[in-house]
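Coordinate analysis (summary)
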Amino acid sequence: MTEQQRTQGQNSEEFTTLNVDWREDRVVVELHRPEARNAINGRMIAELHRVCERIEADPRPLLLTGHGTVFAGGADISELRARGREEAMAGINSRLFERMHRLQAPTVAAVDGYALGGGAELSYACDIRVATPTAVFAQPEPGLGIIAGAGACWRLRELVGASVAKQVLLGGYRLDAEAALRHGLVAEIVPSGELRERAHALLDRMAASSALALRMTKMVLDADGPHPLADDLTQAVLFESADKHDRMTRFLERKKR
């Protein structure tokens, strides 16, 4: 048995919400909750932290994608509805996304279909995004009584500019693949059947460069700011509101119909 086969076998037992392929020159992570459109729940957050821990100990590029024809349909609303001030202050999602953003090696998100809410924010935390024609980025959080508190309020502004970010975050606009390409959110649009192949080709180009030079370039490019503390403080207030609870309850009841 090869080292890669042995690692893949361990991963299949270790993770329940992810499919992880630990290769010699990269890590491929597939969000895998098909019954929930790959929605990000607490277990997935914990498992992604474990992936980050391993990459931090042995840096290599990361390719992040979703199972099937959806990247991630947001965070798990049933879990969000139950969260209060303490959970908001803990920054359950925002701390993970920041950790992923700070990984030393480059990260690529391959986005097919919906990247909504926390799913979109997870893609924003990656260095580069490649998308299919059906990709859609959106932030529906205010309709649920909360803010997009895991990076969208500042990362999206950095990626596409304040005007477009406000259209998405305040106006409820969705960025389809063409709009995302036009505003620089994604690097290219590729056919769905070629998405992973093209994402791997991008990582191959990176692999041809000096790993140390790439790591140092990323370190210089990334800059600190007041986030995610400001996001967590705001979310802590909203998580305690009756309006948030009522809106999420209505959302979950609509899903049952």
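Now for a description of the structure that goes with this document. (Residues numbered from 1 in each chain as written. Predicted model: local features only at pLDDT ≥ 70, side-chain atom pairs only at ≥ 80, totals over all residues. Heavy atoms only, no water.)

1. Details of the overall build of the protein chain
Quick note on the threshold: Numbering of helices and strands starts at the N terminus; helices are DSSP runs of H or I of at least 4 residues and strands are runs of E of at least 2. In this treatment the radius of gyration is a C-alpha quantity, and the globule benchmark scales as 2.2 Å times the residue count to the 0.38 power. Relative accessible area decides the class of each residue, using a 1.4 Å probe on protein chains only: under 20% of the type maximum gives buried, over 50% gives exposed, and in between gives partly exposed. Note on contacts: a residue pair qualifies if any of its non-hydrogen atoms lie within 4.5 Å across the two residues. Charged residues are defined here as Lys and Arg on the positive side and Asp and Glu on the negative side; His and the ends of the chain fall outside this count. Taken as the charge centre is NZ of Lys, CZ of Arg, CG of Asp or CD of Glu, depending on the residue.
Within the protein chain, the secondary structure is distributed over 13 helices and nine strands. A globule of 257 residues ought to have a C-alpha radius of gyration of about 18 Å, and the protein chain, at 18 Å, matches this closely. In terms of overall dimensions, the protein chain has a C-alpha envelope of 55 × 40 × 35 Å along the principal axes. Residue burial in the protein chain is summarised as follows: out of 257 residues, 49% are buried. Looking at the protein chain alone, contacts between residues at least 24 apart form 73% of all its contacts between residues at least 6 apart. Within the protein chain, one finds 33 positive and 36 negative side-chain charges whose respective centroids are separated by 4 Å.

2. As for the environment of D127
Keep this limit in mind: Under this definition, polar contacts are N or O atom pairs within 3.5 Å; protein pairs additionally need one hydrogen-donor-capable and one acceptor-capable atom, and for neighbouring residues in sequence, both atoms have to be side-chain atoms.
Structurally, the position occupied by D127 is in the loop between α6 (118-124) and β6 (128-131). Separated by 95 residues in sequence, D127 and D222 have C-alpha atoms that sit 9.9 Å apart. Reaching out from D127, the side chain makes a polar contact with the backbone nitrogen of T107 at a distance of 2.8 Å. Only 2.9 Å separates the side chain of D127 from the side chain of K218, close enough to count as a polar contact.

3. A look at helix α5 (residues 92-101)
Among the ten residues of α5, seven are classified as buried, and the element is accordingly described as predominantly covered. Along α5, the residues that are buried comprise N93, S94, L96, F97, E98, M100 and H101.

4. Considerations on the packing of aromatic side chains
This is how it is decided: Between the rings of Phe, Tyr and Trp (Trp by its six-membered ring), a pair exists once the centres lie within 6.5 Å; its type follows the angle of the planes, with under 30 degrees stacked, over 60 edge-to-face, and the other angles tilted. Comment: the charge-over-ring label is applied if NZ (Lys) or CZ (Arg) is within 6 Å of the ring centre and within 35 degrees of the ring normal.
All chains considered together, the criterion is met by zero aromatic pairs. Its guanidinium or amino end placed over the ring of F239, K244 lies 4.8 Å from that ring's centre, counting from NZ or CZ.

5. Quick word on the pairing of strand β1 (residues 18-22)
The test is simple: In this description, strands pair whenever DSSP reports at least two bridges between them.
Most of β1 is tucked away: four of the five residues are buried. Bridge count for β1 against strand β2 (residues 27-31) is five bridges, and the pairing is antiparallel. Looking across to β2, one finds that L18 is bridged to L31. Between β1 and β2, which pair antiparallel and follow one another directly, the connecting turn spans four residues.

6. Details of the sheet that holds β6
Spatially, the six strands line up as an open sheet ordered β1-β2-β3-β4-β6-β9, and their pairing is mixed. With one partner strand each, in any of the chains shown, β1 and β9 (188-189) form the two edges of the open sheet. In terms of strand pairing, β6 meets β9 through two bridges, oriented parallel. Its bridge partner lying in β9, A131 is registered against I189.

7. Observations concerning the pairing of β6
Looking at chain direction, strand β4 (residues 107-111) and β6 are connected through four bridges and run parallel. Directly across from V111, in β6, lies its bridge partner A131.

8. Quick notes on unusual backbone geometry
Phi at R37 takes a positive value of approximately 50°, unusual for a residue other than glycine. Among the structural elements, R37 can be located in the loop between β2 and α2 (42-57). Even without a glycine there, the phi angle at N38 is positive, about 60°. Its location among the elements puts N38 in the loop between β2 and α2. Here N38 falls in the buried class, since its relative accessible area comes to 0%.

9. Topic: the packing of α2 against α5
Worth spelling out the cut-off: Lines are fitted to the C-alpha atoms to define the axes, a helix being fitted only along its stretch in contact, and any angle between axes, read from their N-to-C directions, falls within 0 to 180 degrees. Should an angle lie under 35 degrees it is considered roughly parallel, over 145 roughly antiparallel, and from 65 to 115 roughly perpendicular; all remaining angles are considered oblique. The handedness criterion is simple: a crossing whose near helix is rotated anticlockwise from the far helix by less than a right angle is left-handed, and one whose near helix is rotated clockwise is right-handed. Charged residues are taken to be Asp, Glu, Lys and Arg, nonpolar residues to be Ala, Val, Leu, Ile, Met, Phe, Trp, Tyr, Cys and Pro, and polar residues to be all remaining types, Gly included.
For the pair α2 and α5, interaxial distance at closest approach is 10 Å and the crossing angle is 25°. As summarised for this structure, α2 and α5 are arranged roughly parallel, according to the angle between their axes. The way α2 lies across α5 gives a crossing that is left-handed. Contact residues: I45, L48, H49, C52, E53 and E56 in α2; I92, N93, L96, F97, R99 and M100 in α5. Of the residues in the contact of α2 with α5, the class split is seven nonpolar, two polar and three charged.

10. Considering the sheet that holds strand β7 (residues 136-138)
The mixed open sheet is built from three strands, whose spatial order is β5-β7-β8. The open sheet has two edge strands with one neighbour each: β5 (114-116) and β8 (175-176). In the sheet, β5 pairs with β7 via three bridges, with the strands oriented parallel. Looking at the pairing, A115 lines up with F137 of β7.

These results come straight from atomic positions and should not be treated as a statement about function.
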